[in-house]
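Breakdown of the fold
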Amino acid sequence: MPEGGKYRKERLDRGIKARSDTLYVLASWKDLCYLLLPRVVPLGLLFILPVVLHGSYWEKVLFYSCIFGLLSLSWDLMAAVGLVSLGQALFFGAGAYMAGALNHYLGWPIFLSIPAGTLGGAAFCTILLVLVVRLRGVYFSIVTLILPLLFAHLIETLEILEGTHGLLSLSPYPSGWLAIYLAIVGLVVVLFGFRKLLDEDFGMILRGIKDDDRVIMAAGVNVYWYKAQAIFLAGAVGSFAGALMTHYYQFVGRSVLALDYTILPLAAVVMGGTGSFAGAVLGSFILVPLSEALRAMGGLRMALYGLILISALAALPEGIFHYLERKYHQFERMVKI
Amino acid sequence: MSQEVLLKVQKLTKVFGGIMAVCDLELEVRRGEFLGIIGPNGSGKTTLINLITGFVKPTSGKVLYRGQDITGKQPYRIACLGIARTFQMARTLQRLPAFKNIIVPLCSPRVTKFRGGKYGERDDVAIDILDDLGFERDSFVPYKMAGSLPHGYLKRLDLARCIALRPDLLILDELFSGMAMSEVAATLPMLEKFHREGLTIIMVEHRLRELFRVADRVMVMNFGQKIADGSPQEVMEQEQVQRAYLGTEVED
């Protein structure tokens, strides 16, 4: 020990947490900063960024980051129940087409078509996936991988929903502020909502299903009903992202069912860290801007992007968020003895 | 013990490929009875439990519970009717704290119907149940991740999950296997207490000394069939049982 044992290292969060995770004891403004800064600063930044970036190209990137953040959250909730989805594009496409069709054919205004797209898309996905909810592991994943591709082909060959042309000239947002803040508020609400949900008794059962669904059955709880509810929630969040994007583009076509909307959220969650939801958002806010920043590289863009992704996964397999969280809890200060 | 038949198994058969795991089995359990089931490895004891609790669908035959046909029903429906079972290889929710394991049965429709589904005190109920089974409430044990607990605790956690369901029929699949002597000695009086309070128990067990102390009746299985049925003393005196268990003597 340095300096003859006059000082010793002490972990900050030992003193602050009084036996439980929800009760804190603060002794100084430093404790308060330790507790609040990592929570308040990212949130504050998120709400200020649209003002800072207003009118620039990066405002769009911020919007995309939120959209992919929502899709990643949706993926992470499914994964928390043990359902590994390879088809977030299904959720995204269902919401996008539902909102787009209601606006295009029935002339529903934007403040009706987005909620209707969210709930309708969620209901559509839930009905489809409940049929295969008994499948486990990779078998379920394969079905989710096929479904969006199936619908893309159906739309193309049967020429439903205007086929390859897509639905054009949908209502725009009354103002750019509305679009971006809708996405940000949605993201924050879903992030904290999901985190809270998994700590409730309901969430305990969802987490239990991932551990061992036979235990849940033996305890008299209907596993399939809980899985269906989780799929509906994840579907609603994915569809909400799709509906937001549709009106942002003022267009919806087969591209919303493309693999991009499956792969990128998955990569974001794996990079950010699974199971915490915060990791999903963090991953999206790294990967989406990164892919935009690399546009200058031209042809090398995808190769470089892949390289960065692989090195991040190899260096931090637990995910960036879990790494930061661990370091945060290990944060020490010198205490005089 | 009343005369009411709680569980009735009729001509139950399960074939896995070419193997008859359970073959034309007949069984009656009366309310309040403590039935032991013994038999050599592979004699179909666990399959019988899986058939009764719906985890495996029978090839033929019927399972009646309180006169109601429950053959091939979903496991969670059977659990909600009041049949709780433990697993041979203690199954628990490894990534949840031990007491959160007990939240799951407390959320089942069977229990919320009893208690009006009030939220907030479930944690207390869970800790109470665990405390009774030797998870001291003031220690850190109930709050530890189930995955980090020793085997004996996992077995009792499995049992606690069943007790939380307020079952009428409790089926224990080798509860004592892998438990320390002291843990067995602590758990056995609990089972006796539940039995005195009117719980019907079926216990599959290899530890015969402990089983014979508590069981009213013992059924012996071999090759999926019942080879003996009666009080512990009666059963062990039968030559067929001794042969199945100890093998035949080698003549010099």
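Another point: the interface of chain B and chain A. Taken together, the contact between chain B and chain A spans 25 residues of the former and 21 residues of the latter. Both faces combined, the contact of chain B with chain A buries some 2200 Å², and carbon together with sulfur accounts for 59% of it. A:Asp212 is paired through a salt bridge with B:Arg91; the nearest N and O atoms lie 2.9 Å apart. Viewed at the interface, chain A and chain B are joined by five residue pairs in polar contact (both at pLDDT 80 or more). Only helix 2 (75-80) and helix 4 (103-106) of chain B provide two or more residues apiece to the side of chain B that touches chain A. The dominant element in the side of chain B that touches chain A, judged by the number of residues it contributes, is helix 2 of chain B, at four residues. In terms of residue class, the side of chain B that touches chain A is built from 15 nonpolar, four polar and six charged.

Attention now goes to the pairing of strand 9 (residues 217-222) of chain B. For a regular strand, side chains alternate in direction, first toward one face of the sheet and then toward the other. Residue and element names in this part refer to chain B. Where burial is concerned, most of strand 9 is hidden: six out of the six residues are buried. In this sheet, strand 9 lies alongside strand 3 (residues 34-38) in parallel orientation, the contact comprising four bridges. Residue Leu35 lies in a different strand from strand 9, and its bridge partner there is Arg217. Of the strand pairs in this sheet, strand 9 and strand 10 (residues 225-230) are connected by five bridges, and their pairing is antiparallel.

Right, let's get into the sheet that holds strand 5 (residues 68-69) of chain B. The pairing of strands in a sheet comes from backbone hydrogen bonds and takes either a parallel or an antiparallel form. Residue and element names in this part refer to chain B. Pairing within the open sheet is antiparallel, and its four strands lie in the order 2-1-4-5. The outermost strands of the open sheet, each flanked by one partner alone, are strand 2 (19-30) and strand 5. As paired elements, strand 1 (residues 5-16) and strand 4 (residues 60-65) share five bridges and run antiparallel to each other. From the neighbouring strand, Thr13 faces strand 4, where its bridge partner is Ser60. Across the sheet, helix 1 (residues 45-53) touches strand 1, strand 2 and strand 4, and the angle it forms with strand 1 is around 115°.

Residue and element names in this part refer to chain B. As for its placement among the helices and strands, Arg217 is situated in strand 9. Of the polar contacts made by the side chain of Arg217, one reaches the backbone oxygen of Glu28; its length is 2.4 Å. Beyond its immediate chain neighbours, meaning those up to four positions away, Arg217 contacts Leu27, Glu28, Val29, Glu33, Phe34, Leu35, Gly36, Asp229 and Gly230.

Residues and elements named next belong to chain B. Assigned domains within chain B: domain 1 (1-82 + 170-179 + 200-245) and domain 2 (92-166). Computed from C-alpha coordinates alone, the two centres of domain 1 and domain 2 are separated by 26 Å. Tallying the contact residues gives 12 residues for domain 1 and 10 residues for domain 2. Between domain 1 and domain 2, roughly 790 Å² of surface is buried when both sides are summed, and carbon and sulfur atoms account for 71% of that area.

Glancing now at a nonpolar patch on the surface. All names here are of chain A. The grouping of Leu135, Val138, Tyr139, Ile142, Ile146, Leu150, Leu154, Leu158 and Ile160 at the surface amounts to a nonpolar patch, some 810 Å² of accessible area in total. Tracing the sequence through the fold places Ile146 in helix 6 (residues 137-158). Classification of Ile146 by relative accessible area gives partly exposed; the value is 46%.

Moving on, we come to the packing of helix 7 (residues 176-197) of chain A against helix 10 (residues 223-249) of chain A. Residues and elements named next belong to chain A. Viewed as axis vectors pointing N to C, helix 7 and helix 10 meet at an angle of 175°, and their least axial separation amounts to 11 Å. Judged by the inter-axis angle, helix 7 sits roughly antiparallel to helix 10. On the side of helix 7, the interface is formed by Ala179, Leu182, Ala183, Gly186, Val190, Phe194 and Leu197, while helix 10 contributes Leu233, Val237, Phe240, Leu244 and Tyr248. The residue makeup of the contact of helix 7 with helix 10, split by class, is 11 nonpolar, one polar and no charged.

Let's shift gears to the pattern of salt bridges. As enumerated under the stated definition, the model contains 24 salt bridges over all chains in all. Among the ionic pairs, A:Glu292 bridges to A:Arg295, the shortest N-O distance being 2.8 Å. The partner of B:Asp168 in a salt bridge is B:Arg110, with the nearest N and O atoms 3.5 Å apart. Taken together, the residues span a long stretch of sequence, with B:Asp168 in the loop between helix 7 (151-164) and strand 7 (169-173) and B:Arg110 in helix 5 (residues 109-115) at a distance of 58 residues. You'll find B:Asp168 and B:Arg110 in the same group, each marked buried.

So, on to the nonpolar core. Across soluble globular proteins, you tend to see nonpolar side chains buried next to one another. With 153 residues, the main nonpolar core has A:Phe63, A:Leu73, A:Leu244, B:Leu170 and B:Leu191 as its most contacted residues. The biggest single contributor to this core is helix 3 (residues 57-80) of chain A, with 15 residues. Here A:Leu244 is in contact with A:Phe63, A:Ile67, A:Leu70, A:Ile114, A:Tyr173, A:Leu182 and A:Ala183, once residues within four sequence places are set aside. With 26 residues, the next largest nonpolar core counts B:Val9, B:Leu35, B:Leu48 and B:Ile78 among its residues.

All names here are of chain A. Among the secondary structure elements, Ile209 is positioned in helix 8 (residues 201-211). Ile209 gets classed as buried once you look at its relative accessible area, which sits at 5%. Sequence spacing of Ile209 and Val223 is 14 residues, and the spatial spacing of their C-alpha atoms is 7.1 Å. With sequence-adjacent residues up to four places away left out, Ile209 is seen in contact with Val81, Ile216, Val223, Tyr226 and Lys227.

All names here are of chain B. Between its terminal C-alpha atoms helix 8 (residues 181-196) stretches 23 Å, which fits the 22 Å expected from 16 residues at 1.5 Å a residue. Those residues of helix 8 that fall on the buried side of the exposure criterion are Glu183, Val184, Thr187, Leu188, Met190, Leu191, Phe194 and His195. Buried residues along helix 8 sit against strand 3, helix 6 (122-132), helix 7, strand 7, strand 8 (200-204) and helix 9 (208-214). Of the residues one or two after helix 8, Gly198 is the one with positive phi, at around 110°.

The next thing to look at is helix 2 (residues 29-52) of chain A. Along an α-helix, residues three or four positions apart point the same way, because every turn accommodates 3.6 residues. Residue and element names in this part refer to chain A. With 24 residues, helix 2 extends just 29 Å between its outermost C-alpha atoms, more than 12% less than the 34 Å of an ideal straight helix rising 1.5 Å per residue. Where helix 2 bends most, the angle comes to about 45°, and this point is Leu36, followed within four residues by the proline Pro38. All of the buried residues in helix 2 are Asp31, Tyr34, Leu35, Leu46 and Pro50.

To continue, consider the sheet that holds strand 8 of chain B. All names here are of chain B. Reading across the sheet, the six strands line up as 6-7-8-3-9-10 and stay open at both edges, with mixed pairing between neighbours. In this open sheet, the two strands that pair with only one neighbour each are strand 6 (83-85) and strand 10. On average, adjacent strands in this sheet sit at an angle of 15° to one another, irrespective of strand direction. Relative to strand 8, strand 7 is paired through five bridges, and the arrangement is parallel. Directly across from Asp173, in strand 8, lies its bridge partner Val204. The strands that helix 7 touches are strand 6 and strand 7; relative to strand 7, the one it contacts most, it runs at about 165°.

The rules behind the values
- Residues numbered from 1 in each chain as written.
- Chains lettered and ligands numbered in written order.
- Predicted model: local features only at pLDDT ≥ 70, side-chain atom pairs only at ≥ 80, totals over all residues.
- Heavy atoms only, no water.
- Contact = heavy atoms within 4.5 Å.
- Buried area = accessible area lost by both parts, 1.4 Å probe.
- Salt bridge = Lys/Arg side-chain N within 4 Å of Asp/Glu carboxyl O.
- Polar contact = N/O pair within 3.5 Å; in protein donor to acceptor, adjacent residues only side chain to side chain.
- Helix = DSSP H or I, 4+ residues; strand = E, 2+ residues; numbered from the N terminus.
- Nonpolar A, V, L, I, M, F, W, Y, C, P; charged D, E, K, R; others polar.
- Buried < 20%, exposed > 50% of the residue type's maximum accessible area, 1.4 Å probe, protein only.
- Pairing = 2+ DSSP bridges.
- Axes fitted to C-alpha atoms, helices over the stretch in contact; angles between N-to-C directions.
- Domains from an automatic or database assignment.
- Patch = residues over 30% accessible without salt bridge, like charges linked within 9 Å, V, L, I, M, F, W, Y side chains within 5 Å.
- Areas by Shrake-Rupley, 256 points an atom, 1.4 Å probe, with all protein chains shown as cover.
- Parallel < 35°, antiparallel > 145°, perpendicular 65-115°, else oblique.
- Core = buried A, V, L, I, M, F, W, Y, C linked by side-chain atoms within 4.5 Å.
- Expected span 1.5 Å × (residues − 1).
- Bend = angle between axes of the 7 residues up to and from the residue.

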